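Each chain is listed here by its residues.
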Amino acid sequence: MSTAREHLPGCPTWPEDFAQRYREAGYWRGETFGQLLRDRARDFGSRVALVGGTHRWTYAELDGRVDRMASGFHALGIRARDRVVVQLPNVPEFYEVIFALFRMGALPVFALPAHRASEIGYFCAFTEAVAYVIPERFGGFDYRGLAEQVKAATPTLKHVLVLGDAGAHTALGSVPSEPVTMEGPSPSDVAFFQLSGGSTGVPKLIPRTHDDYIYSLRASVDVCQFTSETVYLCALPAAHNFPMSSPGVLGTFQVGGTAVMALNPSPDVAFPLIERERVTVTALVPPLTMVWLDSTLAKKHDLSSLKVLQVGGARLSDEAAARVRPTLGCGLQQVFGMAEGLVNYTRLDDPETLIVTTQGRPMSEADELRVVDDDDVPVAPGETGHLLTRGPYTIRGYYKAEAHNTKAFTTDGFYRTGDLVRLTPEGYLVVEGRAKDQINRGGDKVAAEEVENHLLAHPSVSDVAVVAIPDKFLGERTCAVVIPRGEAPAPSALNAFLRQRGLASFKIPDRIEFVAAFPQTGVGKVSKKALRDSLRQSLSTPSP
Ligand code: OOB
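Keep in mind it's a predicted model, so treat the numbers as computed, not measured.

*Asks:* Can you explain the site of the ligand? Please cite residues and give values.
*Replies:* Taken together, 19 residues sit near the ligand, with H240, V335, D419, K436 and K445 positioned nearest. The backbone of A339 places a nitrogen or oxygen atom 3.0 Å from an oxygen atom of the ligand. Separating an oxygen atom of the ligand from a side-chain N or O atom of K436 is a distance of 2.8 Å. When the free accessible area of the ligand is taken as 600 Å², the share hidden by the protein chains comes to 96%. In terms of residue class, the shell around the ligand is made up of seven nonpolar, eight polar and four charged.

Written as structure tokens, this is what we have:
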């Protein structure tokens, strides 16, 4: 990557001519997250920014808390560019922590609550993290033990900060201190790392800059018509790119609106919050949309404030899409996005057929799209092909992944999304499938190779291929097809093995099948396509 300027070592950025163009066009305005919150506190000080648990923080309060948390982090020895793995559920403190890190130029690494020792250990080691922020417990899981294990294995990790009872670690509540003045980061600096759904053995880290991400917020709030009257319900995990910035909670802050945190996206938690806080917009993945559509609770709560339900992360069926307005009484917006950048939205005033049958169009006129065949040659209009994209908020490379970047990006900087799409005559995208070796489990992304590598470590596994099998509810589930070494082990033993290795539970195979050999392609590679086809056939045939 000769043209890429290096900021934080290992983070490819945009070539200077592109950066200049994006600045001149007004996409990158030289803003930082620390300043953004300061400006909102000035303009909307007494308005409520965040609601969650027993907290109701105004913009002024949030801004003050962020200053004190940043000073506390500084007192602990955390400095600009230090990496901090943040693994918090949907609590207001999530934003207190990440804005404090933004303000001091330290870099959050956004882990999901579902991640376990395998993922967290990797994030901490790979980024040489100095701190790890966790809740005491969440979803029946005690994170303090996990932190103990990760800390013992990661020499750089100096602090474990716990929301709640800290046990042997440091209480997050004890960190804030009197504000001191700190030099902030520069707008072109990397602000944080998002995680890639990935298709390789280890998750890839996505460096996003203040400039590029804040532009994505501005473009998002514009398309989605967020205003200071917007009340956004954050029901998906706050660390994920969708509820973070499409337009999500950060987009809500961008315009001075109110974000409401739901610890759980289920109707019994979300519906009362919608009613009580007069929520106007929220975002879900397709399986949760089905749960909401089928919930009898919809009639028991006043959901009339809800104007728009955004759905994305995985393909929503046209049938489910058509049910949203009649069932929930709100509009639907389809969102096809990726943590690497590009986000497509159907527009609020689009004809219902476009909203129901497409995944929208790019949010920015500066998004460049190519739909190409296997040889990178553009397909005929309307044909299905690989989606490539480049633009002012799409990364030019993953963190410290030089070899992988040469495959994941074209030489002229287009990101290979791995998605198979078709463009409609109106210029809207329809997601037709996927070329990347990934299973999309209702929005949760599982990299086949990552699970395969873990299974290969089991003494009874000679070879393994992890593939998607169709599923009515999740869209896809994972199936591990195993060639055993000797006698086949019990599937439950293999899954227990994976759990013991600390793999997030959404990556544990839903099904394990044993075979004597894999179907092969012409050149002798495992044909995952043939495997999927034969599984589909055998699974749809009722067993005798
Ligand atoms: C979102 O981000 P990621 O990084 O978890 O996953 C991105 C991938 C896409 O490449 C595509 O394969 C799939 O998720 N995807 C969809 C989709 N939205 C995402 N596939 C079909 N239809 C859709 N509507 O998932 C994400 C990030 C920002 C906003 C929304 C979703």
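From this point, the discussion proceeds with the structure in view.
*Asks:* Give a description of the domain arrangement of the protein that names residues and reports values.
*Replies:* How large an interface is tends to be reported as the accessible area lost when its parts come together. As assigned here, the protein comprises domain 1 (33–41 + 52–185), domain 2 (209–435) and domain 3 (438–540). With centres defined by C-alpha atoms, the gap from domain 1 to domain 3 works out at 35 Å. Contact with domain 1, which involves six residues of that partner, is made by nine residues of domain 3. A combined buried area of about 480 Å² lies between domain 1 and domain 3, and 52% of that area is made up of carbon and sulfur atoms. The interface formed by domain 1 and domain 3 holds one salt bridge in total. A salt bridge links E119 to K507; the nearest nitrogen and oxygen atoms lie 2.8 Å apart. Connecting domain 1 to domain 3 are five residue pairs in polar contact (both at pLDDT 80 or more). Its residues assigned to classes, the side of domain 1 that touches domain 3 comprises two nonpolar, two polar and two charged.

*Asks:* Account for the UniProt feature "domain: AMP-binding enzyme C-terminal" (unreviewed entry) in the protein, naming residues and giving values.
*Replies:* Under the UniProt annotation, "domain: AMP-binding enzyme C-terminal" (unreviewed entry) lies at residues 450–525. For residues 450–525, the helix share is 22%, the strand share is 33%, and the end-to-end C-alpha distance is 18 Å.

*Asks:* Any chance you could break down the environment of D165 for me, citing the residues and the numbers?
*Replies:* Residue position: D165 is located in the loop between β8 (159–163) and β9 (170–171). Judged by its relative accessible area of 46%, D165 is partly exposed. Among residues more than four places away in sequence, those in contact with D165 are E136 and R144. At 3.1 Å, the side chain of D165 forms a polar contact with the backbone nitrogen of G167.

*Asks:* Explain the UniProt feature "domain: AMP-dependent synthetase/ligase" (unreviewed entry) in the protein to me, and be specific about the residues and the numbers.
*Replies:* As annotated in UniProt, the feature "domain: AMP-dependent synthetase/ligase" (unreviewed entry) corresponds to residues 38–399 in the numbering used here. Split by type, residues 38–399 is 34% helix and 24% strand. Its first and last C-alpha atoms lie 29 Å apart.

How each quantity is defined
Residues numbered from 1 in each chain as written. Predicted model: local features only at pLDDT ≥ 70, side-chain atom pairs only at ≥ 80, totals over all residues. Heavy atoms only, no water. Near = heavy atom within 4 Å. Polar contact = N/O pair within 3.5 Å; in protein donor to acceptor, adjacent residues only side chain to side chain. Areas by Shrake-Rupley, 256 points an atom, 1.4 Å probe, with all protein chains shown as cover. Nonpolar A, V, L, I, M, F, W, Y, C, P; charged D, E, K, R; others polar. Domains from an automatic or database assignment. Contact = heavy atoms within 4.5 Å. Buried area = accessible area lost by both parts, 1.4 Å probe. Salt bridge = Lys/Arg side-chain N within 4 Å of Asp/Glu carboxyl O. UniProt positions renumbered as here; feature names shortened; annotations may be inferred. Helix = DSSP H or I, 4+ residues; strand = E, 2+ residues; numbered from the N terminus. Buried < 20%, exposed > 50% of the residue type's maximum accessible area, 1.4 Å probe, protein only.

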